[in-house]
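A look at the structure
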There are 2 protein chains.
Amino acid sequence: MLGEFDLIHRYFTKETDNKSVSLSVGDDCALIDCNERGYLAITTDTLNEGIHYFKGEDPYTLGYKSLLVNVSDLASMGAKPEYFTLSLTLKEAAEDFLKAFADGMFTLADELDMTLIGGNTSKGSADSFSIEAMGYVAKDRAMLRANARDGDLICVTGTLGAPALFVESGYGKIALNDSQRLIAHNKAMLMPNRCAFACELSEFVRCAIDISDGLMGDLKHICDRSNLAACIDVDTLPVDPLIKSVEKTREYGLNLALFGGGDYELLFTVDKKYADDLKALSAKHNVQVSIIGKMIKGTDIVLKDGESMFNGSGRAFEHF
Amino acid sequence: MLGEFDLIHRYFTKETDNKSVSLSVGDDCALIDCNERGYLAITTDTLNEGIHYFKGEDPYTLGYKSLLVNVSDLASMGAKPEYFTLSLTLKEAAEDFLKAFADGMFTLADELDMTLIGGNTSKGSADSFSIEAMGYVAKDRAMLRANARDGDLICVTGTLGAPALFVESGYGKIALNDSQRLIAHNKAMLMPNRCAFACELSEFVRCAIDISDGLMGDLKHICDRSNLAACIDVDTLPVDPLIKSVEKTREYGLNLALFGGGDYELLFTVDKKYADDLKALSAKHNVQVSIIGKMIKGTDIVLKDGESMFNGSGRAFEHF
């Protein structure tokens, strides 16, 4: 199967002469110019059974995560969530399922004061949950993939790798006990949103993305768009402590953190003169922030381990 | 399975205190207040394999229709199409399929000068195409289901019933020859859009809906929202001529036209003082318009056949 980005680029990227479209296909959100209200940021994302979640997942969790993955895109642009629509495809419309799904979805929507403005439901041969989310961002505060600067610090919120661990355990590649499995599940499906933090972060940060495809893949998007390279110090990666309690090898945890994906944490770059502002914001929102490297001239991502340097363009971290 | 409207109402309708949401769940589009730009009308609709189209349908047609069903909702609000996003779920990403799908989708998008602003592609166990479309309408020109007035003429564009005939043939309920099948297919899948007509129609029409669920079902939405009833003169229904060439009984054609659905024609109500304007607009856009009845006081839809009157609340037209 062609990769998502190849697909998008090859068949679905077209030039537009519509001047109100300030940013189109290729960032976390599109940006529509709404004059004095700023930009309306628009994103859409889908959860499919068997691909984005395991069969049998509880519907509350699915409702929550269907919306979370979309607000994560809004957060990465610095946009304040406002509205969303829902397209629900279901094998059958069991009332218990719908009630719990709506509960999960509105739990997050209410927390963010978002309004469900429309949608559709239909029958299908596989369950699929597609949400489109919208929010506003001031024109000078949108955080774009293309805005990283040479010398910027590379930062990430939270911890990394637990969602990938959950997927590994679902496929039987690693054994978790019940309590580990519950923790991994919740980190993979019920993660916190970073919206409030991101909206303030955009005061001094111009470049961000959310980690859905894995730290390395998403950092590569920033590098490509910003025409820069990046150097990551692997010792500074916030590998989730759960992973260390399950599997002791250092390489295992680093691989999940670098390539696992599904973290829905914010990856951003910031001028080092704002290091203190960042520390204060992290404390204010109680959001862990790790400085994991910096943007440099070049084209590839370099992984630094002590005094050793490795090219990070591979698909796994097997050099250690 | 609960009906779509029951579902939406029971679990997905919530009050909002967001003052920019001028119209939420329950019309063809949501309306977001964009100050001097008017309302941003937003709609979303999905095509699922085996439900909204037959397996083996060609991808050009799927691309075209995925967008068409959404712009039909914009047209029914009087909104000029501007932007759309695409969520593509595919069993496999065959390049031929994607190329043809994009061709079909952009054929319509280019005709309407719409911009694809974002989307996502993912793997799934069944193909599903979900589009969200957006467009602007001046605040005093939105055509709402709730705006019908007692005495308004009820009008419909185009002809009715051919898409339902195509579905009947797909299920083997009626036999079509090759040429009939091609005509029915194109009327069911590649119907024209009514956007340009609708944008001008909104100069003197305040109430419209598009026919997706069948004339009777969609007219019922207008009646319910406007607290009125309707009287339809069945002899004035624009039953598609293809149906008469296939099956001679009058009842068969009337049933498809009244209950079939999938027509994506505009159903609207208009003060009779605008009859001449309507005739001129119909001629200007070369869009057939039939006056099929009028809005009356009451709660039910009455079907009039010559001197006989029938309650139209049944699920089929079996009285003739």
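Residues numbered from 1 in each chain as written. Chains lettered and ligands numbered in written order. Predicted model: local features only at pLDDT ≥ 70, side-chain atom pairs only at ≥ 80, totals over all residues. Heavy atoms only, no water.

We now examine the overall build of chain A. In terms of helices and strands, chain A carries 10 helices and 13 strands. Over its C-alpha atoms, taken along the principal directions, chain A stretches across nearly 60 × 55 × 40 Å. Scored against the burial criterion, the 320 residues of chain A give a buried share of 59%. Pairs at least 24 residues apart make up 83% of the contacts formed inside chain A by residues separated by at least 6 positions. Taken together, the 32 basic and 48 acidic charged side chains of chain A have centroids lying 3 Å from each other. (Helix = DSSP H or I, 4+ residues; strand = E, 2+ residues; numbered from the N terminus. Buried < 20%, exposed > 50% of the residue type's maximum accessible area, 1.4 Å probe, protein only. Contact = heavy atoms within 4.5 Å. Lys, Arg positive; Asp, Glu negative; His and termini not counted. Charge placed at Lys NZ, Arg CZ, Asp CG, Glu CD.)

Least-squares fitting of chain A to chain B yields an RMSD of 0.0 Å, with the transformation described by 0.0 Å of translation along the axis and a rotation of 180 degrees. The superposition of one copy onto the other is thereby described by a two-fold rotation axis. Ranked by how close their C-alpha atoms come to the rotation axis, the residues of chain A are headed by alanine 126 of chain A, at 3.0 Å. Taken together, the interface assignments show that 100% of the residues at the interface of chain A recur at the interface of chain B, consistent with an identical surface on both copies. (Least-squares fit on C-alpha atoms with pLDDT ≥ 70 in both.)

Now for the interface of chain A and chain B. Note: interface size is frequently given as the accessible area lost on complex formation between the parts. Each side of the interface is counted separately: chain A has 64 residues, and chain B has 64 residues. Surface buried jointly by chain A and chain B totals about 5,400 Å² across both partners, of which 58% is contributed by carbon and sulfur atoms. Between the two partners, chain A and chain B, sit zero salt bridges. Scanning the region where chain A abuts chain B turns up 22 residue pairs in polar contact (both at pLDDT 80 or more). Listed by contribution, the elements that provide at least two residues to the side of chain A that touches chain B are helix 1 (4-12), strand 2 (30-33), strand 3 (39-48), strand 4 (80-90), helix 3 (95-112), strand 5 (115-123) and strand 6 (128-137) of chain A. Among the residues making up the side of chain A that touches chain B, the classes are represented as 27 nonpolar, 22 polar and 15 charged. (Buried area = accessible area lost by both parts, 1.4 Å probe. Salt bridge = Lys/Arg side-chain N within 4 Å of Asp/Glu carboxyl O. Polar contact = N/O pair within 3.5 Å; in protein donor to acceptor, adjacent residues only side chain to side chain. Nonpolar A, V, L, I, M, F, W, Y, C, P; charged D, E, K, R; others polar.)

What follows covers empty space enclosed by the protein. Applying the stated criterion to the full structure yields six cavities of 30 Å³ or more. What the largest cavity holds in volume is close to 90 Å³. By residue class, the composition of the lining of the largest cavity is two nonpolar, 10 polar and four charged. (1 Å grid on protein atoms, 1.4 Å probe; cavity = no way out; pocket = protein on both sides within 12 Å on 5 of 7 lines; lining within 4 Å. Points joined across faces, edges and corners; volume = space filled by probe spheres on them.)

Along the chain, serine 87 of chain A falls in strand 4. Within the structure, the side chain of serine 87 of chain A is placed 3.0 Å from the side chain of asparagine 120 of chain A, a separation counted as a polar contact. When sequence neighbours within four positions are dropped, the list of residues in contact with serine 87 of chain A reads Asn120, Ser128, Phe129 and Ser130 of chain A together with Thr44, Thr46 and Ser130 of chain B.

Bringing the pattern of salt bridges into the picture now. One pass over the structure, following the stated rule, counts 26 salt bridges over all chains. Linking glutamate 49 of chain B and lysine 91 of chain B is a salt bridge whose minimum nitrogen-to-oxygen distance equals 3.2 Å. Note that glutamate 49 of chain B is positioned in the loop between strand 3 (39-48) and helix 2 (59-77) and lysine 91 of chain B in the loop between strand 4 (80-90) and helix 3 (95-112), a separation of 42 residues in sequence. In this structure lysine 91 of chain B comes out as partly exposed when scored by relative accessible area, which is 31%. Put simply, aspartate 127 of chain B and lysine 91 of chain B hold a salt bridge, and the shortest N to O gap is 3.8 Å. Remark: lysine 91 of chain B occurs in the loop between strand 4 and helix 3 and aspartate 127 of chain B occurs in the loop between strand 5 (115-123) and strand 6 (128-137); sequence separation between them is 36 residues. Through salt bridges with shared partners, a single ionic network connects Glu49, Lys91 and Asp127 of chain A.

All names here are of chain A. You can read the domains of chain A as domain 1 (43-135) and domain 2 (152-309). Summarising the inter-unit geometry, the C-alpha centres of domain 1 and domain 2 are found 24 Å apart. Taken together, the contacts link 24 residues of domain 1 with 21 residues of domain 2. Taking both sides of the interface into account, the surface hidden between domain 1 and domain 2 amounts to around 1,700 Å²; carbon and sulfur atoms contribute 66%. Among the residues of domain 1 in contact with domain 2, Phe54, Lys65 and Ser76 are the three that bury the most area, contributing 31% of the side total. Our count for the domain 1 to domain 2 interface comes out at zero salt bridges. At the boundary of domain 1 and domain 2, one finds five residue pairs in polar contact (both at pLDDT 80 or more). Of all the elements in the fold, those that place two or more residues in the side of domain 1 that touches domain 2 are helix 2 (59-77), strand 4 and helix 3. Among the residues forming the side of domain 1 that touches domain 2, the class breakdown is 13 nonpolar, five polar and six charged. (Domains from an automatic or database assignment.)

What follows covers the pairing of strand 11 (residues 289-296) of chain B. Residue and element names in this part refer to chain B. Here five bridges tie strand 7 (residues 153-157) to strand 11, and the two strands are oriented antiparallel to one another. Across the sheet, residue leucine 153 finds its bridge partner in strand 11, namely lysine 294. Relative to strand 11, strand 9 (residues 229-233) runs antiparallel, the two sharing four bridges. Each bridged residue has a counterpart across the sheet, and for cysteine 231 the counterpart in strand 11 is lysine 294. (Pairing = 2+ DSSP bridges.)

Bringing the nonpolar core into the picture now. Nonpolar side chains in soluble globular proteins generally cluster together in the buried interior. Counting residues in each nonpolar core, the largest one holds 100 residues, and the members touching the most others are Phe84, Met105, Leu201 and Leu267 of chain A together with Phe12 of chain B. Per-domain counts for this core show at least three residues from each of domain 1 (43-135) and domain 2 (152-309) of chain A. Counting 98 residues, the second-largest nonpolar core is a separate cluster that includes Leu90, Ala102, Ile232 and Leu303 of chain B. (Core = buried A, V, L, I, M, F, W, Y, C linked by side-chain atoms within 4.5 Å.)

Take the UniProt feature "binding site: Mg(2+) 3" (unreviewed entry) in chain A next. Residues and elements named next belong to chain A. Mapped onto the present numbering, the UniProt feature "binding site: Mg(2+) 3" (unreviewed entry) falls at Asp28, Asp73 and Asp210. Look at the named residues: they lie 183 residues apart in sequence, but the longest C-alpha span between them is just 7.7 Å, so in the fold they bunch up. Relative to the helices and strands, aspartate 28 resides in the loop between strand 1 (21-23) and strand 2. We classify aspartate 28 as buried; its relative accessible area is 6%. Look past the residues within four positions of aspartate 28 in its chain and what remains in contact with it is Thr43, Asp73, Ser76, Met77, Arg145, Ala208, Ile209 and Asp210. Within the element layout of this structure, aspartate 210 appears in strand 8 (residues 207-210). When its relative accessible area of 2% is taken as the criterion, aspartate 210 is described as buried. In terms of polar contacts, aspartate 210 uses its side chain to reach the side chain of serine 72, at 2.7 Å. (UniProt positions renumbered as here; feature names shortened; annotations may be inferred.)

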